[in-house]
Amino acid sequence: MADNSTQTRDNEPHAAAGCSRGRQRAVIKRHGLMTRVWHWVNLVCLVVLLMSGLQIFNAHPALYWGDDSSFDDPALQLTAMRDADGNPMGVTRIGSFSFNTTGVLGLSRRDGDMTQRGFPAWATLPGPQWLAMGRYWHFAAAWVFAPFLFVYLLYSLISTQRRRLIWPTAAQWRCLPKTIADHARLRFHHEADYNGLQKLTYVIVLFGLLPLMVFTGLTMSPTMNAAWPWLLDVFGGRQSARTIHFICAFGLVAFFLIHIVLVLISGVFNNLRSMITGGYKVDTDDTPPSEAKRHA
Amino acid sequence: MRDRKPIQPDPRRRRIITGLGALGASAALTGCDSLSRNDQLQDLLGATDQLTRAAQRLVASRESLAREFDASRIAPTMKPNGTKHPDNPEYQRLAANDFADWRLRIDGLVDRPGEFSLAQLKSMPARTQITRHDCVEGWSCIAQWTGAILADVLDAVQPTAGARFVVFHCADNTYGGPDKYYESLDMVEAYHPQTLLAYGLNGSDLPIENGAPLRLRAERQLGYKMAKYLMHVELVDSFAHIQDGKGGYWEDRGYEWWAGI
């Protein structure tokens with residue numbers, strides 16, 4: 001999987017013949033086939049895992065810390081109760097705080113009737129309360145997601161091209177505050193390489209959140225607890241693992257939303273194409289992007 | 001340089017990609033519920049049950065133990081689930097007499113079928129373990145269980161070479177329905193050193209709501225495997241003839257036979 005592009009990349013890329021009318025832009029190949037396939041398989045897996053995961057969560061919509069469940073004192077709970085007028089309302093409890101979340105969390109509409117359920121039907125797979133089928137979807141998707149992730153992380157460590165694409169350079173670490181400021185002003189540079197903030201985000205998601213999802217997931221399995229008891233020590237117990245699994249899932253949701261917004265506002269077609277055909281249009285200016293990065 | 005070669009943008013590709021994206025998104029949103037009811041898809045999803053079982057058997061040895069906890073970790077109450085008070089007259093009659101007339105029948109593919117009284121089971125070498133009970137719903141509860149080791153009981157009845165599963169038949173009609181609760185383990189889980197026929201909870205006799213007089217503890221499995229109100233243990237080479245043939249009350253209602261995850 002190693003390639004020799006490190007030696008030759010300073011020769012690249014010059015404005016492509018068909019699209020250089022007045023604009024100093026060139027199309028480079030940004031993502032290899034492996035990354036592109038993984039990206040879209042992952043999208044399907046993560047959507048199924050999230051929605052079926054919410055279905056499973058709804059079977060007992062409460063979170064705890066430690067080995068077991070302190071039923072009287074959950075860290076988080078989605079429930080329903082009656083308000084002062086006797087009307088049902090959905091309640092979200094986080095520690096000692098309670099919020100009225102009627103319509104979304106705790107109490108939501110299903111086939112016209114308000115029903116007590118953790119997450120609403122539109123967010124779960126399948127829609128109706130059906131734990132057994134939620135588990136089938138979840139584990140089937142996990143069996144695709146986890147092996148792909150393992151292979152992809154290995155590839156990301158071994159391939160020099162991937163390493164260069166996702167690990168921030170020393171210069172990028174130094175430029176991080178400026179990069180963050182640029183992003184906050186929605187000022188985007190189209191370079192062959194990811195900027196420091198992008199790289200940092202991908203490293204955290206790839207080597208942090210995604211493996212955490214797999215390992216905290218495995219920690220909820222009683223057979224895995226017997227096989228690999230260290231899982232319980234690492235995450236502080238089965239219920240802690242369940243809570244971390246939940247928090248990381250919403251970390252991925254946050255990543256997903258920011259990712260979508262940035263893809264949309266930083267050149268949606270260019271971004272989409274780079275993840276479908278691999279082609280990505282870069283600003284060339286006077287210097288090649290790799291040079292631009294070095295002097296940034 | 002193959003990976004950074006300049007390429008031409010193609011407007012047709014743009015339209016196709018946009019179209020496919022929109023199609024995929026709408027199919028995904030509307031299709032999943034009806035897909036969930038499709039038998040072939042259910043079979044495909046169910047195949048992962050076998051995969052999970054094979055993989056977990058690979059990483060967990062026969063003897064690898066579920067974690068046992070310190071007495072200080074025992075929960076104030078062991079949350080009961082499923083049936084809490086079997087309402088059939090036969091069970092109520094046995095309970096009224098403190099289960100003195102209760103007998104556990106063990107038969108099927110065994111050389112020496114027999115019946116065991118509670119006193120007989122209590123006279124066998126006992127194991128006491130403080131373990132975590134994991135419900136398929138997601139909650140966990142730590143309690144201390146005392147019982148006869150199922151492996152010892154099986155040794156007494158001598159399963160034949162053809163025995164592949166141990167089926168546990170229960171006294172209770174779950175949720176008052178027509179079907180009696182039942183469950184099954186394969187021989188590996190049945191012979192696991194922590195698999196008990198438990199008659200004690202937290203130092204006392206097993207209460208009725210937790211499965212008196214005898215329940216199964218299979219500590220590497222989820223709670224629904226651990227049948228309560230045991231009446232009859234049957235060794236079989238297949239459970240296809242029992243109720244809906246999936247190996248357990250909840251399995252017949254769509255849950256995985258392998259309850260290790």
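How each quantity is defined
- Residues numbered from 1 in each chain as written.
- Chains lettered and ligands numbered in written order.
- Predicted model: local features only at pLDDT ≥ 70, side-chain atom pairs only at ≥ 80, totals over all residues.
- Helix = DSSP H or I, 4+ residues; strand = E, 2+ residues; numbered from the N terminus.
- Contact = placed C-beta atoms within 7 Å.
- Pairing = 2+ DSSP bridges.
- Axes fitted to C-alpha atoms, helices over the stretch in contact; angles between N-to-C directions.
- Left-handed = near helix turned anticlockwise from the far one by under 90°.
- Nonpolar A, V, L, I, M, F, W, Y, C, P; charged D, E, K, R; others polar.
- Core = buried A, V, L, I, M, F, W, Y, C linked by C-beta atoms within 7 Å.
- Buried ≥ 20, exposed ≤ 12 C-beta atoms within 10 Å, placed from the backbone.
- Domains from an automatic or database assignment.

(A) Structural view of the overall build of chain A. Within chain A, the regular secondary structure consists of eleven helices and eight strands. For chain A, restricting intrachain contacts to residue pairs at least 6 apart in sequence, the fraction spanning at least 24 positions comes to 60%.

(B) Quick look at the sheet that holds strand β1 (residues 103–108) of chain B. All names here are of chain B. The strand order β2-β1-β10-β5-β6 describes an open sheet built from five strands, whose pairing is mixed. Two strands in the sheet have a free side with no partner beyond their single neighbour: β2 (114–117) and β6 (180–186). On average, each strand axis in the sheet is inclined to that of its neighbour by 20°, with strand direction left out of account. When β1 meets β2, the two strands line up antiparallel, connected through four bridges. Of the residues in β2, the one forming a bridge with Ile-106 is Gly-114.

(C) A look at the packing of helix α3 (residues 131–158) of chain A against helix α2 (residues 39–59) of chain B. Between α3 of chain A and α2 of chain B, whose axes approach to 9 Å, the crossing angle comes to 65°. When you trace α3 of chain A past α2 of chain B, the crossing you get is left-handed. Residue-level contacts link Tyr-136, Trp-137, Phe-139, Ala-140 and Trp-143 of chain A of α3 of chain A to Leu-45, Gly-46, Thr-48, Leu-51 and Thr-52 of chain B of α2 of chain B. Tallied by class, the residues present in the contact of α3 of chain A with α2 of chain B amount to seven nonpolar, three polar and no charged.

(D) Spotlight on the nonpolar core. Core analysis: the largest hydrophobic core is formed by 83 residues, its most contacted members being Cys-170, Leu-197 and Leu-230 of chain B. The residues touching Cys-170 of chain B, leaving out its near neighbours within four places in the chain, are Lys-180, Tyr-181, Tyr-182, Ala-227, Lys-228, Tyr-229, Leu-230 and Met-231 of chain B.

(E) The domain arrangement of chain A, seen in detail. Residue and element names in this part refer to chain A. Here chain A is described as being made up of domain 1 (6–60 + 123–295) and domain 2 (62–118). The interface is formed by twelve residues belonging to domain 1 together with eleven residues belonging to domain 2. Listed by contribution, the elements that provide at least two residues to the side of domain 1 that touches domain 2 are α2 (33–58) and α9 (238–265). With six residues, the top contributor of residues to the side of domain 1 that touches domain 2 is α9. In terms of residue class, the side of domain 1 that touches domain 2 is made up of two nonpolar, eight polar and two charged.

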